[in-house]
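As a plain string of letters, each chain reads:
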Amino acid sequence: MDRQQIRKKKKKKRRIKFIVFPLLLILLGTVGFGSYLTYKLANASTKAQETLSRGGKSNLRLNAIDPGKDNFSVLIAGIDDSKHRKGEKGFEGNRTDALILATFNRENKSVRMVSIPRDSYVQIPGRINKDKITHAHAYGGIDLTVDTVEHLFNLPVDYYVRVNFDAFLQIVDTLGGVDVDVKKKIVEQDSKDRPKAITIEPGKQRLNPEEALAYARTRHADSDIMRGDRQKQIVEAIIKESTQIKSIPKYGQLIENVGDNMSTNFTLGNMVALLKYAKSVDNIESLSLKGSDARINNIYYYSLDEQSVLEVQNKLKEHLNYKGTGTGTANTSSDNSTN
């Protein structure tokens, strides 16, 4: 081999090194970041883990559900609670300020969501008289809330995620805000209950944490149904923001922030399985419950339209491919279910 060939070979080696070394650094960085996130997620899931008293599956299922293999449902419960409000009470004893039921279809990686108005007049299992659905959590925590939603729609709630105001604020803060198309002017109290502290003008804009919370929780701007639509809008905005490439480095902080202000029956493995739905952000179908204002014993309720409830129920069942024929109570097992 002459000197010219040797020089060419050395140059080729240097070029290979020049290409391979950065790739190795990127790969190692990715693996390291992935390990870091897994560690963070494992710690957070351990802190947040809270199983339901019913055990590992809904009483409306014949078999336990695996998010990695099956269609499944998740109840997102926002609690009217924060460090400013709760003192030593924790989650229990507080009402739900937001209830969103979401179903996930594994075949087309799609999501359907419905917001349940907090003042909905429903039957809470174990209670003699109907009541506002928001009171289910005050009476029996997340267990009774899940039972009530199962009773309302006659379909299984496989998983739940319960967060308070602090978690909401921290999520939006870590993401650097969320983009929302505000339909009308909002004037609302802030997270410390200071009246008229937040003013949001109409139009497309980026909301900071306090503005996003005020937008999602205000009850004075319009109706209870519209309030539910705003909550779904914020949830979708958070999902969209969190799936942006620029948000990836923030995942560790997101996981850490939420850990102390969230409870869920998702395991670490379940959470990892959810990653395959990350691209479903543009495949979310929003459903709405119709109803009317009602006063019973001089107390305000939102009376759900039975036909609307049935329509939403059927769409969610179809999305889950759920064939259950239970009576709609959480204590009655279904005759059949397709996972």
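As a reminder, the structure under discussion sits directly above these lines.
The structure presented is a predicted model; accordingly, all values stated were derived computationally and were not measured. (Residues numbered from 1 in each chain as written. Predicted model: local features only at pLDDT ≥ 70, side-chain atom pairs only at ≥ 80, totals over all residues. Heavy atoms only, no water.)

Draft legend 1. Broad picture of the overall build of the protein chain. Counting its regular elements, the protein chain contains nine helices and 14 strands. Here the protein chain, with 339 residues, has 48% of them falling under the buried criterion. A sequence separation of at least 24 residues applies to 69% of the contacts in the protein chain between residues at least 6 apart. Carbon and sulfur atoms provide 53% of the accessible area of the protein chain, an area that totals close to 17500 Å². (Helix = DSSP H or I, 4+ residues; strand = E, 2+ residues; numbered from the N terminus. Buried < 20%, exposed > 50% of the residue type's maximum accessible area, 1.4 Å probe, protein only. Contact = heavy atoms within 4.5 Å. Areas by Shrake-Rupley, 256 points an atom, 1.4 Å probe, with all protein chains shown as cover.)

Draft legend 2. A look at the pattern of salt bridges. According to the stated counting rule, one finds 15 salt bridges in the structure shown. The structure contains a network of salt bridges with shared partners spanning Asp97, Arg118, Asp119 and Lys132. (Salt bridge = Lys/Arg side-chain N within 4 Å of Asp/Glu carboxyl O.)

Draft legend 3. Region of the structure containing the packing of helix H5 (residues 209-217) against helix H6 (residues 224-242). Orientation of H5 relative to H6, taken along the N-to-C sense of each, is 145°, at an axis distance of 7 Å. Here H5 contributes Ala212, Tyr215, Ala216 and Arg217 to the contact with H6, which in turn contributes Arg227, Arg230, Gln231, Gln233 and Ile234. Looking at the contact of H5 with H6 residue by residue, the classes come out as four nonpolar, two polar and three charged. (Axes fitted to C-alpha atoms, helices over the stretch in contact; angles between N-to-C directions. Nonpolar A, V, L, I, M, F, W, Y, C, P; charged D, E, K, R; others polar.)

Draft legend 4. Summary view of the layout of surface pockets. As a volume, the second largest pocket reaches approximately 310 Å³. If you trace the second largest pocket, you find 14 residues lining it, with Tyr121, Lys130, Leu152, Glu306 and Val309 closest to the centre. Considering every element that reaches the lining of the second largest pocket, the biggest residue donor is helix H9 (residues 306-320), with four residues. Partitioning the lining of the second largest pocket into residue classes produces six nonpolar, five polar and three charged. (1 Å grid on protein atoms, 1.4 Å probe; cavity = no way out; pocket = protein on both sides within 12 Å on 5 of 7 lines; lining within 4 Å. Points joined across faces, edges and corners; volume = space filled by probe spheres on them.)

Draft legend 5. The packing of aromatic side chains, seen in detail. Per the counting criterion, the structure on display carries four aromatic pairs. Between the aromatic rings of phenylalanine 72 and tyrosine 159, the centroid separation amounts to 6.2 Å while the plane-to-plane angle is 85°, which identifies the pairing as edge-to-face. With phenylalanine 72 in strand S1 (residues 72-79) and tyrosine 159 in strand S6 (residues 159-164), this residue pair connects regions lying 87 residues apart in the sequence. Residue class for tyrosine 159 comes out buried when judged on its relative accessible area of 6%. (Phe/Tyr/Trp six-rings, centres within 6.5 Å; stacked < 30°, edge-to-face > 60°.)

Draft legend 6. Up close: the pairing of strand S13 (residues 291-296). Where S13 meets strand S14 (residues 299-304), six bridges bridge the pair, whose relative direction is antiparallel. Bridge pairing links serine 292 to serine 303 in S14. (Pairing = 2+ DSSP bridges.)

Draft legend 7. Representation of the nonpolar core within the structure. The biggest cluster of nonpolar side chains holds 31 residues, and the ones touching the most others in it are Leu101 and Phe153. Secondary-structure elements contributing two or more residues to this core are S1, strand S2 (96-105), helix H3 (135-153), S14 and H9. Look past the residues within four positions of leucine 101 in its chain and what remains in contact with it is Ser73, Val74, Leu75, Arg112, Met113, Val114, Val149, Phe153, Leu155, Val157 and Leu316. (Core = buried A, V, L, I, M, F, W, Y, C linked by side-chain atoms within 4.5 Å.)

Draft legend 8. Structural detail: the sheet that holds strand S3 (residues 110-115). Taken in spatial order, the six strands make up an open sheet running S11-S6-S1-S2-S3-S12, and their pairing is mixed. The sheet is open, and its two edges are formed by strand S11 (262-264) and strand S12 (284-287), each paired on a single side. Sheet twist, expressed as the average angle between the axes of neighbouring strands with direction ignored, equals 20°. Across six bridges, the pairing between S2 and S3 is antiparallel. Paired with asparagine 105 across the strands is serine 110, a residue of S3.

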